[in-house]
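Architecture at a glance
So you can see what is in the structure, the chains are spelled out below.
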Amino acid sequence: MLSDCLNFQFDIQGKPVKGFCMRIQDDFHETYAVIVDGYHSFCVWIDGTSTWRSSRNVAVEPTILQKIISELTVSKES
């Protein structure tokens, strides 16, 4: 299980991406608030089929979102 907070920093196509994920209370899913420098915050969660989902109006590039989800997945498994 991931601790309550995960800091991340990585480069995507030469662009530095920095932020953190924080687990938030949700009675239905494992849910995280995601704060990325330079972007609006959003949420990601694992649904009942073990599929990662994200807020409808996520403003980050898909490659950044996928990297954040992979970071959460790796942290969750360790």
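So, a few notes on the structure that sits alongside this text. Treat the numbers as computed from the prediction; the structure is a model and nothing was measured. (Residues numbered from 1 in each chain as written. Predicted model: local features only at pLDDT ≥ 70, side-chain atom pairs only at ≥ 80, totals over all residues. Heavy atoms only, no water.)

Whether parallel or antiparallel, the strands of a sheet pair through hydrogen bonds between backbone atoms. With antiparallel pairing, 5 strands are arranged side by side in an open sheet as E1-E2-E3-E4-E5. The open sheet has two free edges, formed respectively by strand E1 (5–12) and strand E5 (52–54), since each of these has just one partner strand. Between one strand axis and the next, the sheet turns by 25 degrees as a mean value, whatever way the strands run. When E1 meets strand E2 (residues 15–24), the two strands line up antiparallel, connected through 8 bridges. The residue of E2 that forms the bridge with Gln9 is Lys18. This element, helix H1 (residues 62–77), spans E1, E2, strand E3 (30–36), strand E4 (42–46) and E5 of the sheet and lies at about 135 degrees to E1. (Pairing = 2+ DSSP bridges. Helix = DSSP H or I, 4+ residues; strand = E, 2+ residues; numbered from the N terminus. Axes fitted to C-alpha atoms, helices over the stretch in contact; angles between N-to-C directions. Contact = heavy atoms within 4.5 Å.)

By themselves, these are just geometric observations and shouldn't be taken as functional.
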